[in-house]
Amino acid sequence: MSDDSPPRGAAGEAIRRYWPMVYAPTALYSVGQGAVVPILPSIAVGLGADLAVAALIAAALVVGQLFGNMPAGVLVHRIGERRSMIVAAAVSLIGVSAMLFASHIAVLGLGTLLVGMCASVFALARHAFMTARVPLAYRARALALVGGSFRIGTFLGPLVAAGLIWLTGDEHATIWFFAICLVGMGILVTFGPDPEEKALAAEREARLAEAPSEEGDTGDTGEPVTGSIPAAERVGLFRTIWEHRSVLSRLGLAAASLASVRAGRQAILPLWGLSIGLDPANIALIVGMAGAVEFSLFYASGQVMDRFGRIWATVPSQLLMGTAFVSLAFTHELDAAAMWFGVFAIVVGVGNGLSAGALLTIGSDVAPTANTAGFLGAWRTLTDGGASVTPLLVSGLTALLSLSLATGVVGLIGLLGAAAFLRWVPRYPPRR
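Rules behind the numbers
- Residues numbered from 1 in each chain as written.
- Predicted model: local features only at pLDDT ≥ 70, side-chain atom pairs only at ≥ 80, totals over all residues.
- Heavy atoms only, no water.
- Helix = DSSP H or I, 4+ residues; strand = E, 2+ residues; numbered from the N terminus.
- Buried < 20%, exposed > 50% of the residue type's maximum accessible area, 1.4 Å probe, protein only.
- Polar contact = N/O pair within 3.5 Å; in protein donor to acceptor, adjacent residues only side chain to side chain.
- Phe/Tyr/Trp six-rings, centres within 6.5 Å; stacked < 30°, edge-to-face > 60°.
- Axes fitted to C-alpha atoms, helices over the stretch in contact; angles between N-to-C directions.
- Parallel < 35°, antiparallel > 145°, perpendicular 65-115°, else oblique.
- Left-handed = near helix turned anticlockwise from the far one by under 90°.
- Contact = heavy atoms within 4.5 Å.
- Nonpolar A, V, L, I, M, F, W, Y, C, P; charged D, E, K, R; others polar.

Engineer: Could you clarify how one ought to interpret the environment of Ser402 in this entry?
Structural biologist: Tracing the backbone through its elements, the reader meets Ser402 in the loop between helix 17 (372-400) and helix 18 (403-424). We classify Ser402 as partly exposed; its relative accessible area is 28%. A sequence separation of 73 residues divides Ser402 from Ala329, and the C-alpha atoms of the two residues are 9.9 Å apart. In terms of polar contacts, Ser402 uses its side chain to reach the backbone amide nitrogen of Leu405, at 3.2 Å.

Engineer: Would you mind going over the packing of aromatic side chains with me for this structure?
Structural biologist: For any two aromatic rings, the description comes down to two numbers: the centre-to-centre distance and the angle of the planes. Counted according to the given criterion, the structure contains four aromatic pairs. Between Tyr29 and Phe178, the aromatic rings sit 5.5 Å apart at their centres with planes inclined by 70 degrees, giving edge-to-face as the arrangement. Residue Tyr29 is located in helix 2 (residues 19-36), and its partner Phe178 is located in helix 8 (residues 173-191); the two are separated by 149 residues in the primary sequence. Relative accessible area serves as the criterion here: at 5%, Tyr29 is assigned to the buried category. With relative accessibility at 2%, the residue Phe178 sits in the buried group. Centre to centre, the rings of Phe101 and Trp176 are 6.2 Å apart; their planes meet at 90 degrees, and the pair counts as edge-to-face. Highlighted residues: Phe101 in the loop between helix 5 (81-100) and helix 6 (105-133) and Trp176 in helix 8, separated in sequence by 75 residues. For Phe101, a relative accessible area of 60% puts it in the exposed group. Note on Trp176: relative accessible area 48%, which makes it partly exposed.

Engineer: For this particular structure, what's the right way to read the packing of helix 5 against helix 8?
Structural biologist: Helix 8 packs onto helix 5 with a crossing angle of 165 degrees between their chain directions and a minimal axis gap of 9 Å. Our classification of the angle between helix 5 and helix 8 gives roughly antiparallel. At the point where helix 5 passes helix 8, the crossing takes the left-handed sense. Contacts between helix 5 and helix 8 pair Arg82, Met85, Ile86, Ala89, Ser92, Leu93, Val96, Met99 and Leu100 from the former with Ile175, Trp176, Phe178, Ala179, Leu182, Val183, Met185, Gly186, Val189 and Thr190 from the latter. Here the residues of the contact of helix 5 with helix 8 are counted per class, giving 15 nonpolar, three polar and one charged.

Below is the structure:
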């Protein structure tokens, strides 16, 4: 087993090589998006939308990403990761322009939907890029850092938005900022060096050098050896889903449960704070503390998955979040409800932090070499679907029954997801 381990410091060195193509563009995009998302409902209301329609406009970003995953898989498979990211950045600028100059709520919604679809292209291309290039020995750490780069936006984005609105007095300044971030991301992806380009060139030269040693052997076709890599067969979308139906229906659904519980924390915690009578400042403080704990653990999650196995991040994460939500459901009427809200919000943050990068890593682990992008498109559709359904589930159960019941149901989803991961995720370190 020690022979398969990377040299000391190899993970850090490899991760540093991916800043120009992956981590810096991800951080730029996430900060830009994080600045726009909290302001979208306000912009929609300014165009005449009521609260329900404003919420729908904000949800268009997630809906666009959900429905863009499978077409994104086809695009990445056909034109490659770098070109797909460039296309996503360019088309996103069209969507941002529609958002910026929208004079009708429908135009704002269509622009937001287009940006969401392009976000799925960029996310899937980045995922496929890392899957193909990062060695298994430190894959989880590399992908956990992708998750950490994206989470930067949840902290810095709203702060940037507040500063821009204070300086300009115009909410549309956040959209201009997003456009600048998109341009910067496109420049980095277009002109940033591929960290594997030299290695691939050396590999091609080695094959060309070995070809003459075969004493003119041309193979069965009678053509000379050129050292080129044969193009992978293009596999259709539905054929990809059918061929991998077993893993998608088992491990894919387990992954969807984790995405569902993650989305549940965003839907439940602010509502819970309001329902027990906390003011917005205290709610923001508690949720912010939970987010800080979550952010601090993202690289530790990668370390755990690489050293001990994926199961040691996914199962504890689901158990912590599931148990926290189930327990929180019984505290609504207690005298110390605010104290328990703070405690369980922190526990949820710890659980979510422990699973940083887990969905990306497991998707990469099970993705086939011949059709990586197509498979990851189906995989991400399942996980994004789980994340999209949960806010609707929480809203519906809260309206029909109670927020406590909705919270308990999300907790049960987490516990069932823990059992699913325990059943289908390997129990040994990846290097074995």
